[in-house]
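This is what each chain is made of:
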Amino acid sequence: LSYCISQYVEKDPETIVPIISGLVRYWPWTNAAKQVLFLSELEEVLELCRVEQLSQIQETLFRLLGSCLGSAHFQVAERALYYWNSEHLCVNVLSQSKAPIFLPFVFGPLYKSASGHWNLAVEGLAQSILKMYMEMDIALYEKCSRDNAEKTRKLEIEREVAAQKWKLIAENAAACGIDVDSHV
């Protein structure tokens, strides 16, 4: 099927956007092995993608790539990191000129993986990719780093607020004679 899709795209390049949209729509979130296969297929199709086609799907594509980079399953994260080994993708999709568009989507997961992924290969690949973008454009790297830190801080505050709400609910339930620990 992968070969057929690649041949179809080569014959009619206008089908790239619907094919990528379909891959994203039916992404197998709960099956890591299938995600690796989808990432391989997506890479093949992206290698045939033109700039104007990429601009139609870039936000969806980069959000998906960020999710895969942040995967706890090392094969999914590693396969997504291997996109940077493809010369064609590095020149046309993940290039320095497109970095302001895609780096905000992938910086958080890359940073998290580079800061301590349980798989050392994933951690090393993420570190080298971050280093590459830091050397390319330090201002963009710093902006993404600040934005990621702010986003992380906001998520931590939201978690604290949620924990306080749950604590209040448990206290109110206990005041009414309900043991919430036995209902969990």
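Caption draft 1: Focus on the nonpolar core. With 47 residues, the main nonpolar core has L42, Y83, W84, L94 and F102 as its most contacted residues. The set of elements that each furnish at least two residues to this core consists of helix 2 (16-25), helix 3 (32-46), helix 4 (51-69), helix 5 (74-81), helix 7 (99-114), helix 8 (120-136) and helix 9 (138-175). Per element, the largest residue contribution to this core is 8 residues, and it comes from helix 4. Leave out the neighbours within four places in its chain, and L94 touches F62, L65, Y83, W84, L89, F102 and Y133.

Caption draft 2: Just the packing of aromatic side chains, in detail. The final tally for this structure, using the stated rule, is 7 aromatic pairs. Between W27 and W29 the ring centres are 6.2 Å apart and the planes differ by 50°, which places this aromatic pair in the tilted class. Summarising the aromatic geometry, the rings of F102 and Y133 are spaced 5.6 Å apart at their centres and angled 75° between planes, so their arrangement reads as edge-to-face. Taken together, the residues F102 in helix 7 and Y133 in helix 8 connect sequence positions 31 residues apart. Neither F102 nor Y133 differs from the other in exposure class; each is buried. Aromatic ring contacts, followed pair by pair, group W27, W29 and F38 into a single cluster.

Caption draft 3: Structural view of the side chain of H117. Tracing the sequence through the fold places H117 in the loop between helix 7 and helix 8. Residue classification places H117 among the buried positions, given a relative accessible area of 10%. In this structure the side chain of H117 is engaged in a polar contact, spanning 3.4 Å, whose partner is the backbone oxygen of S71. A polar contact of 3.0 Å, which involves the side chain of H117, links it to the backbone nitrogen of N119. When residues no more than four places from it in sequence are discounted, the contact partners of H117 are S71, A72, F74, A77, K112, V122 and E123.

Caption draft 4: Examining the pattern of salt bridges more closely. This model, assessed by the stated rule, comprises 8 salt bridges. The partner of E135 in a salt bridge is K131, and the shortest N-O contact between them spans 3.8 Å. A residue pair is termed a helical-turn pair when its members lie 3 or 4 positions apart in one helix, as E135 and K131 do in helix 8 at 4 residues. For E135, a relative accessible area of 58% gives the class exposed. Put simply, R159 and E156 hold a salt bridge, and the shortest N to O gap is 3.7 Å. Here R159 pairs with E156, and both are found in helix 9, just 3 residues apart, close to one helical turn. Here the salt bridges do not stand alone but share partners, grouping E14, R50 and E52 into one network.

What counts as what
- Every chain is numbered on its own, with residues counted from 1 as its sequence reads.
- Owing to the predicted nature of the model, reporting of local features is limited to residues with pLDDT of at least 70; listing and counting of side-chain atom pairs is limited to 80 or more, with chain, interface and lining totals taken over all residues.
- Hydrogen atoms and water are omitted, and side-chain values are computed over all heavy atoms in the structure.
- In this description, a nonpolar core means a group of buried Ala, Val, Leu, Ile, Met, Phe, Trp, Tyr and Cys residues linked to one another through side-chain atoms lying within 4.5 Å.
- A 1.4 Å probe rolled over the protein chains alone gives each residue an accessible area, and that area as a share of the maximum for its type sets the label: buried under 20%, exposed over 50%, partly exposed in between.
- Helix and strand definitions follow DSSP, with helices as H or I runs of at least four residues and strands as E runs of at least two, each counted in order from the N terminus.
- In this analysis, two residues are considered to be in contact whenever any of their non-hydrogen atoms come within 4.5 Å of each other.
- Two rings belonging to Phe, Tyr or Trp (six-membered ring only in the last case) form a pair when the distance between their centres is within 6.5 Å. Interplanar angles under 30 degrees mark stacking, angles over 60 mark edge-to-face geometry, and anything in between is tilted.
- Polar contact is defined as a pair of N or O atoms within 3.5 Å, subject to the rule that within protein one atom must be able to donate a hydrogen and the other to accept it, and that residues adjacent in sequence are counted only when both atoms are side-chain atoms.
- Salt bridges are defined by distance alone: a side-chain nitrogen of Lys or Arg within 4 Å of a carboxyl oxygen of Asp or Glu.

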